[in-house]
Each structure stands twice: as C-alpha cells, then as structure tokens.
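Here are the chains, one letter per residue:
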Amino acid sequence: MSTQGTSIPRRLLLGSTAAAAAGGLLTGFGAGTLRSAQATTQIPASELGYRSFYGQYQSGIIDAQQEHAVFIGWDMRWREGSKDQSKKQQVQALLQMISDDAARLMSGRGVLADTEPEMAQPPSELTLTVGLGQSLLDVIGQGTVGSMPAFANDELEKQYQQSDLLIQFCSQDPTVLHHAVRAVSKNLRQLTTQRFVQTGFMRPMPGADTFRNLFGQVDGVNNPADQAREQAVFGEGGWIANGTTLALRRFEMDLDRWDEVDVTGRDFALGRRQSDGSPLSGTSVNDPVDLTAENELGLPSIAANAHVALAKPSHGGETIHRRGYNFDDGQHAGLLFASFQSDPRSSFIPVQHRLAAADALNTWLKPVGSALYAILPGVDEGGYLGQQLFS
Amino acid sequence: MTALVLGFGLLLTGCAQSAPATEQSTTSATSTTAQQGTQAQALTTSDTWAKAAETGMSAAFGKLHNSADYPVELHQVTDAQGDEIQLHEMAGSGQDMSMKQIEGDLVIAPGAEVELAPGGNHLMFMDLKEPLVAAQTITLNLEFSDGSSTTVDFPIRNFDGAKEKYDEHAGH
Ligand code: HEM
Ligand SMILES: [Cu+2]
C-alpha cells in the first residue's frame, strides 16, 4: 500500500454528493430515509404488515395465522473433528445468525449478503419462528422437549421426520415468503443439510379464525382464544419460560376415497357439519360440542369415535393451539398439522394417541411426517434466540 | 457501477427493528483506542459482513459512516490471525471489471457514508491463514491516518458473488 502523501495519492472520495452525482439512480442518502418515513406516517404499521421479531414470545405462534407457510427442517453438519464444546458454539453462532436474519427480514430488510433485498418489502406479516429438536438441546446441554412417540397407524417417511432445527416461515405474500426462505437457506448452506421443506396455505373464513381444510371441513373452530390460548401455549409445564413446543405432523388425505363418502357419513366421522361447521349436537358453528346430546333415536348426536369427540380435551391441561395448513405437493394433498402447547406429554401426545387408536377420520388419513420441537422464548432487542440456554 | 453499488445502501425502510447486538452497528464508542476527536471516534459502521471461505482470498463489506466534520481516512486493516488485508476498488466496466488496490487511504468525507459492497470497494483478504466460517464473526482492526484505530465485527456469511478478477499488477 502506498503511503499517504507520496506524490498525489488518488484518494477515493465518496459521499452523498459524489453518490448523487454518480447517476440519476438516487438523489443522496436522505431520500431513502424520507421515503420510508413518509410511508410509515401515512400507513399504519399493521397495514404495512410488520410483526415484531422482538417480544416476550416469538411471533407466529399465538398471533393471527398468515395465509402462507413454509416449515423447513435442517440437520446440522458439524465442522470436521468438532468436539462437544465446539458443537455448542456452532449452534450458538447459528442461532445468532438466524436471529439477525429474522430481525432484518421481519422488518422488511434483506439479510446480510442478500442478493435481492428488494424482495423483503413489504414483509406482509412475515414471521420466522425457530425451534430446536432434542438433539440440539442435548448439544447445548440444557432443556428437555423429548421426541415424538410412535402412534398407531403411522406410516412415516424418513424425510418428514425429526430434524435438528426447524423454522416456521409465515407471510401473507408467497413471494416475500420465498425470498425469506431462500435468504435463510443460503445462509445455512454448509452448516446444515435440509431434511424437509413443507409448504402450506390456508384462507381464514370471513371474520373468523377458521379455514376450510382440503376435506372441505371448517377447521379451527374450537381452538382456544385469547388468554386460554396463551395459557395453553405458554402456561405452566413448559420446557422454558416464554418458550413452547411445536408438534408437526403431516397427514396425507385420500381425497379420491373421501369423494365416495356422502355428506352424512362425512359429518358423522367429524361430528360437525361440512356445510357450516356446526356440531351435530347443535345448529350453529359456535354451539358447544356436547357429547351427551342425543338425537331423535336416543343415540348420541356425536359418535364416540367422531374426530371432535376424541379430540376434545378431557380436561383443561389437554388444550392445544392448532395452527396448521393445507398442503398439496403435486403428488399428495392433506393437512400439515401444527400445534403449539406448553407440555406435549400432557396434551398433544395423549390426544394424538386417542385419535390414532380410533378416530373415524383415520380411514382417509395417512400420517407420513412427525416431529416435535422446542420453540425458543422471545428475544429482547439486542439479544438472540436461545441466548438463555448458553448462559 | 458506483451508483449501483451505493444504491444498495438505500434499501433501508419502514419499521425500525434493529439487528441483534452481536451484529449491530459497531461504533467507535466500543473501542478502547478511540479518543474524542479522532477519526476512529468519527466512524460508525453498519451491515458489515465478510464472505465465508476455507482458504485463499475473501472479502469484507459494509457501510462506513463518518459522523464528524473532518475527513476519515482509513489507512490499514488488520486481524488477529495476521491476514494480509488490502483496500480494493473495482476498475473497468460491465462484465470486464477487475479489482485493484486503492492508492492511498480510503477517504470518507465529513458526514458521508462509503459503502463497501460486492462489485465495488471492499476489504480484501489476500490469503486466509484460517477459514472464514459462515455464521461466525471476524473482528477487524481499522487504523486511520491520524493513528487512531477501532475494531469492527464482521459476521461471516455464505456468498456466491464477489468473484471479481484480481489484477495483480494494477495499483501497486
Ligand atoms: C388431517 C388430520 C386432521 C383433520 C382433517 C382435522 C380436522 C378437524 C376439524 C374439521 C375439527 C373441527 C373444527 C374445530 O374445532 O377446529 C377438528 C377439531 C379438533 N381437532 Fe382435528 N383434525 C386433524 C388432526 C388432528 C390432530 C392430529 C389433533 C391432535 C392430536 C387434532 C385435534 C383437534 C382438536 C383438539 C379439535 C377440537 C375439538 C373440540 O374441542 O371440539 N386434530 N379437527
Ligand atoms: Cu479485491
């Protein structure tokens, strides 16, 4: 390097004036700031679609469900010859990177080294929600989520089983979602191998937290709301304060054989009417699922093996919050079942055992994927996901 | 080309969610060597990152902002592993660009910001002594013409671009 002051060094002088002069592309650094300031004063943040990365809990859990989702599972690729301590550091660095990525993407900015940062705008309620399998909790040396047990009727395919790391990406805009997925996936290359990418979609029914699943049923009616939801997801019995767990199951639907079933048979299997989602024990969608109600013949209105009869929590502690998505991967269609609950051992797992053993809907369902994740607590500004586990 | 590179710096927007502290803008306030009124003191940085590489060459990027009313002249960059790190600029146009060492210091005018970006000015690792591993962070020591210096963290990221040709004979 030539030393300063010898001959006349051609100094590289770049600044806002130089930048403005350099082309009609921009008019100085102030312009960008002005534009964004205007945008935020004119349109409320909610309409611009920002969900906060920072907070007590991660976003994408008890907040309103976005229409598009991608769940990606990755397995770690440890650096050659890694000892335990080094593996722990690799997980920590990875979580720091993902936190940075999520904070940037959710605020509508590209990640570091992003080749298409423009695509992050507007984020359209983008959320990234990060979970770890028991394998990574073991590497870190803290926390217990356990693993998903086997259920009757499971026909699991290897690629849809437990991964070390999981990120749930959700947004209202599939293009924004695609960019976020790609940006994070590029950053994870070499550090991980991808186990699965599971894409889903749903459309909330007008004014409700429900959607039509691919059987045509109204799904989500008896999901817990408000405080009951927060209690079910973040209440006592959790693996860590402000964290939760995600049960992720992939159910293929046999839609050709479902076509053969008339609407009475369909309603009988679910215990609710396909037409408007009302329970067979009532007349409108928000009527209670009453397992003691009887029909004109003196038989239970809702059969004992109907889906809602078996799924209904037998006590408050069994309550789960479902946030699943429809999927159609071109070969198979079905439900990407996703539920959040503080303690899966006393909620999701017993309920799933009941359903696996007897649910009338099983005839048309094939469970091909199954995994359980420890969802990390929310992050304060300046922190990173999972920080509590490393102190 | 310069305009394009600088344009990258304008992709800021909307809601002010900053990045986690580990990768936040490093300011000279964190530096022990920075003193009031020094060039190190005047420098603030953001969006700094370095390209992951096992061996050979690599590069580091980011935004360097001069918050003072005097110029900041970046004179030299070093790291703890003793890599040779040069200040590079791009020459040529279109597909036929190559990089060369900047003659003299990289000068940031008072109140101005310089963007180091793929396809533009960058800090160049000439021959890595240790790999730059994605997701980890390398700390660079930035030394200025007034003798002040400051350290800045550069998170390491995978990046397929920044494959610029190096013109060995230019700029030396
Ligand atoms: C492809 C598989 C599944 C389909 C198509 C399905 C569909 C439905 C539908 C349409 C309802 C009624 C509306 C509602 O209250 O949301 C419902 C209720 C419910 N489902 Fe599922 N479900 C599936 C799997 C599961 C699994 C695996 C679980 C848990 C292990 C589960 C737990 C529940 C619960 C807790 C309710 C609410 C019961 C109540 O309290 O009324 N479902 N499901
Ligand atoms: Cu170079």
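Residues numbered from 1 in each chain as written. Chains lettered and ligands numbered in written order. Predicted model: local features only at pLDDT ≥ 70, side-chain atom pairs only at ≥ 80, totals over all residues. Heavy atoms only, no water.

Undergrad: Mind showing me how you'd approach the overall build of chain B here?
TA: Helices and strands together make up the secondary structure of chain B, namely 2 helices and 11 strands. Reading the helices (α) and strands (β) of chain B from amino to carboxyl end gives α-α-β-β-β-β-β-β-β-β-β-β-β. Each of the 172 residues in chain B was classed as buried or not, and the buried ones make up 55%. For chain B, long-range pairs separated by at least 24 residues make up 68% of all intrachain contacts whose partners lie at least 6 apart in sequence. Of the roughly 6800 Å² that chain B leaves accessible, carbon and sulfur atoms contribute 49%. (Helix = DSSP H or I, 4+ residues; strand = E, 2+ residues; numbered from the N terminus. Buried < 20%, exposed > 50% of the residue type's maximum accessible area, 1.4 Å probe, protein only. Contact = heavy atoms within 4.5 Å. Areas by Shrake-Rupley, 256 points an atom, 1.4 Å probe, with all protein chains shown as cover.)

Undergrad: Sorry if this is basic, but what is going on with the pattern of salt bridges here?
TA: Side-chain pairs of opposite charge can arise where the charged atoms are in close proximity. This model, assessed by the stated rule, comprises 20 salt bridges over all chains. Between Arg51(A) and Asp63(A) there is a salt bridge, with its nearest N and O atoms 2.9 Å apart. Linking Arg51(A) in the loop between α3 (45-48) and β2 (68-76) with Asp63(A) in the loop between α3 and β2, this pair joins segments that are 12 residues apart in sequence. Judged by its relative accessible area of 12%, Arg51(A) falls in the buried class. A salt bridge links Arg257(A) to Asp254(A); the shortest N-O distance between them is 3.4 Å. What makes Arg257(A) partly exposed here is its relative accessible area of 38%. Each member of the salt-bridge network shares a partner with another, and the members are Asp100(A), Arg104(A), Asp47(B), Lys63(B) and Arg157(B). (Salt bridge = Lys/Arg side-chain N within 4 Å of Asp/Glu carboxyl O.)

Undergrad: Just to check I follow, could you spell out the confidence of the model for chain A for this structure?
TA: In low-pLDDT segments, the atomic positions of the prediction should not be examined closely. On average, residues of chain A score 89 in pLDDT, and 88% of them are at 70 or above. Predicted confidence for residues 1-43 of chain A stays below pLDDT 50, and this span has 68 contacts to residues more than four positions away or in other chains. (pLDDT = per-residue confidence, 0-100.)

Undergrad: Explain unusual backbone geometry here, please?
TA: Negative phi is the rule for most residues except glycine; trans is the rule for most peptide bonds. In this structure, the amide linkage connecting Gln121(A) to the following residue, Pro122(A), adopts the cis form with an omega of -20°. Within the secondary structure, Pro122(A) sits in the loop between α4 (84-106) and β3 (127-132). A positive phi angle, near 70°, is found at Ala113(A), a position not held by glycine. Relative to the assigned elements, Ala113(A) resides in the loop between α4 and β3. With a phi close to 50°, Asp47(B) is a non-glycine residue in the positive phi region. Note that Asp47(B) resides in strand β1 (residues 43-51).

Undergrad: I would appreciate a short explanation of the coordination of the iron atom of ligand 1 in the present structure.
TA: Tetrahedral coordination by four donors sets the ideal angle at the metal to 109.5 degrees; octahedral coordination by six donors sets it to 90 or 180 degrees. In this structure the iron atom of ligand 1 is ligated by exactly one protein donor, His307(A) (NE2), at 2.0 Å. Counting through the fold element by element, His307(A) comes out in helix α10 (residues 307-311). (Donors = N, O, S within 2.8 Å, 3.2 Å for Na, K, Ca; no water.)

Undergrad: Before we go on, may I ask you to explain the pairing of strand β12 (residues 365-375) of chain A in this structure?
TA: If a strand is regular, its side chains alternate between the two faces of the sheet. All names here are of chain A. Within β12, 9 of the 11 residues are buried, which leaves the element mostly enclosed by the surrounding structure. Note: β3 against β12, 2 bridges, orientation antiparallel. Paired with leucine 132 across the two strands is alanine 374, which belongs to β12. As paired elements, strand β8 (residues 244-253) and β12 share 10 bridges and run antiparallel to each other. Following the sheet pairing, arginine 250 is matched in β12 by glycine 369. (Pairing = 2+ DSSP bridges.)

Undergrad: When you look at the nonpolar core in this model, what are you seeing that I'm missing?
TA: Soluble globular proteins: nonpolar side chains tend toward being buried together. By size, the foremost hydrophobic cluster in this structure holds 135 residues, and its most contacted members are Phe71(A), Phe169(A), Leu123(B) and Leu140(B). Considering every element that reaches this core, the biggest residue donor is α4(A), with 10 residues. Once residues lying within four places of it in the same chain are set aside, the contact partners of Phe71(A) are Leu166(A), Ile167(A), Gln168(A), Phe196(A), Val197(A), Gln198(A), Leu246(A), Leu248(A), Tyr325(A), Leu336(A) and Ala338(A). Counting 5 residues, the second-largest nonpolar core is a separate cluster that includes Met97(B), Met99(B), Met124(B) and Met126(B). (Core = buried A, V, L, I, M, F, W, Y, C linked by side-chain atoms within 4.5 Å.)

Undergrad: Help me out: how do you make sense of the site of ligand 1 in this one?
TA: Residues and elements named next belong to chain A. Around ligand 1 sit 27 residues, and of these Gly220, Val221, Asn222, His307 and Arg322 come closest. At 2.6 Å, a backbone N or O of glycine 220 approaches an oxygen atom of ligand 1. For the shell around ligand 1, the secondary structure elements donating two or more residues are β7 (218-219), β8, α10, β11 (333-341) and α11 (348-358). Counting residues per element, the shell around ligand 1 draws most heavily on α11, at 4 residues. When its residues are assigned to classes, the shell around ligand 1 shows 17 nonpolar, 6 polar and 4 charged. (Near = heavy atom within 4 Å. Polar contact = N/O pair within 3.5 Å; in protein donor to acceptor, adjacent residues only side chain to side chain. Nonpolar A, V, L, I, M, F, W, Y, C, P; charged D, E, K, R; others polar.)

Undergrad: Explanation requested: the coordination of the copper ion (ligand 2) in the structure shown.
TA: Those donors, His88(B) (ND1), Met99(B) (SD), His122(B) (NE2) and Met124(B) (SD), are the protein atoms that reach the copper ion (ligand 2), and they lie 2.0 to 2.3 Å from it. Here the copper ion (ligand 2) binds 4 donor atoms, and the angle range of 94 to 120° at the metal identifies the geometry as tetrahedral. (Tetrahedral: all angles 85-135°; square planar, octahedral: opposite > 155°, others 65-115°.)

Undergrad: Honestly, the confidence of the model for chain B in this entry has me stumped. Any pointers?
TA: Residues and elements named next belong to chain B. Per-residue confidence for chain B gives a mean pLDDT of 81, with 74% of residues at or over 70. Every residue in residues 1-34 is under pLDDT 50, and counting partners more than four places away or in other chains gives 102 contacts. If you check the scores for this complex, the pTM reads 0.87 and the ipTM reads 0.83.

Undergrad: Looking at this structure, how should I read the environment of Gly386(A)?
TA: Mapped onto the fold, Gly386(A) is located in the segment after β12. A sequence separation of 246 residues divides Gly386(A) from Ile140(A), and the C-alpha atoms of the two residues are 9.9 Å apart.

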